[in-house]
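Residue-level listing of the chains:
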Amino acid sequence: MFVVACNNANNQNQTTMEKKQAVAYHLIGKKATISFPEMKASVSYTSDSMLHWKTTDKEGKIAEGDEKMSYQMLTDNLHFLNWIEKYNWKRTQII
């Protein structure tokens, strides 16, 4: 359940939830590039439940996909993500 909107002296309305969303989910909407010895991965955190990834290996072979993920913001600068890939590979990131 979310709280009701409130008025201030300037007659500006903003709900508590809107304020919370303005400061939360710093990772959502961001992109990251992760370099591994055998490949490079580009990851876009498209929403709090989806991520898009693209990998390029040393030979230039590209793989790409979308994953349904579980996301939790632990602190302003610490994020916990996990998802299950094809063949039941479980992945976890702490960023």
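Being a predicted model, the structure only gives us computed values, none of them experimental.

Participant: So what about the overall build of the chain? Which residues, and what values?
Facilitator: Helix and strand content of the chain: one helix and eight strands. Order of helices (α) and strands (β) in the chain, N terminus to C terminus: β-β-α-β-β-β-β-β-β. A burial count over the chain gives 17% of its 95 residues as buried. Considering only residue pairs separated by 6 or more positions, the chain has 14% of its internal contacts joining residues 24 or more positions apart. Here the chain displays about 7,500 Å² of accessible surface, and carbon together with sulfur accounts for 53% of that area.

Participant: Pulling in residues and values, what's your account of the nonpolar core?
Facilitator: In terms of nonpolar packing, the biggest core is built from eight residues, these being Leu-27, Val-43, Tyr-45, Leu-51, Met-69, Tyr-71, Leu-81 and Trp-83. Elements supplying a minimum of two residues to this core: β6 (62-75) and β7 (78-84). Sequence-distant contacts of Trp-83, defined by excluding residues within four places in its chain, comprise Leu-51, Glu-67, Lys-68, Met-69, Trp-89, Lys-90, Arg-91 and Gln-93.

Participant: An account of unusual backbone geometry is needed here, citing residue identities and associated values.
Facilitator: Despite not being glycine, Tyr-87 has its phi angle at roughly 65 degrees, a positive value. Mapped onto the fold, Tyr-87 is located in the loop between β7 and β8 (90-94). For Asn-88, which is not glycine, the phi dihedral falls at a positive 65 degrees. For Asn-88, the location among the structural elements is in the loop between β7 and β8. Judged by its relative accessible area of 56%, Asn-88 is exposed.

Participant: For the sheet that holds β6, give the residues involved together with the corresponding values.
Facilitator: Strand order in this open sheet of six strands is β3-β4-β5-β6-β7-β8, and the pairing throughout is antiparallel. Whereas interior strands pair on both sides, the edge strands pair on one side only; in this sheet they are β3 (31-35) and β8. With strand direction ignored, the average angle separating the axes of adjacent strands in the sheet is 25 degrees. The pairing of strand β5 (residues 50-57) with β6 spans seven bridges and is antiparallel. Bridge pairing in β6 links His-52 to Asp-66.

Participant: Please provide a residue-by-residue account of the layout of surface pockets, values included.
Facilitator: If you add up the space inside the largest pocket, you get close to 470 Å³. Lining the largest pocket are 16 residues; nearest its centre among them are Trp-53, Thr-55, Trp-83, Glu-85 and Arg-91. When the residues that make up the lining of the largest pocket are grouped by side-chain class, the tally is 10 nonpolar, three polar and three charged.

Participant: Help me get a handle on the pattern of salt bridges, residues and values and all.
Facilitator: Under the defined criterion, the tally for this structure stands at one salt bridge. A salt bridge links Arg-91 to Glu-85; its shortest N-O distance comes to 3.2 Å. Here Arg-91 falls in the partly exposed class, since its relative accessible area comes to 33%.

Rules used throughout
- Residues numbered from 1 in each chain as written.
- Predicted model: local features only at pLDDT ≥ 70, side-chain atom pairs only at ≥ 80, totals over all residues.
- Heavy atoms only, no water.
- Helix = DSSP H or I, 4+ residues; strand = E, 2+ residues; numbered from the N terminus.
- Buried < 20%, exposed > 50% of the residue type's maximum accessible area, 1.4 Å probe, protein only.
- Contact = heavy atoms within 4.5 Å.
- Areas by Shrake-Rupley, 256 points an atom, 1.4 Å probe, with all protein chains shown as cover.
- Core = buried A, V, L, I, M, F, W, Y, C linked by side-chain atoms within 4.5 Å.
- Pairing = 2+ DSSP bridges.
- Axes fitted to C-alpha atoms, helices over the stretch in contact; angles between N-to-C directions.
- 1 Å grid on protein atoms, 1.4 Å probe; cavity = no way out; pocket = protein on both sides within 12 Å on 5 of 7 lines; lining within 4 Å.
- Points joined across faces, edges and corners; volume = space filled by probe spheres on them.
- Nonpolar A, V, L, I, M, F, W, Y, C, P; charged D, E, K, R; others polar.
- Salt bridge = Lys/Arg side-chain N within 4 Å of Asp/Glu carboxyl O.

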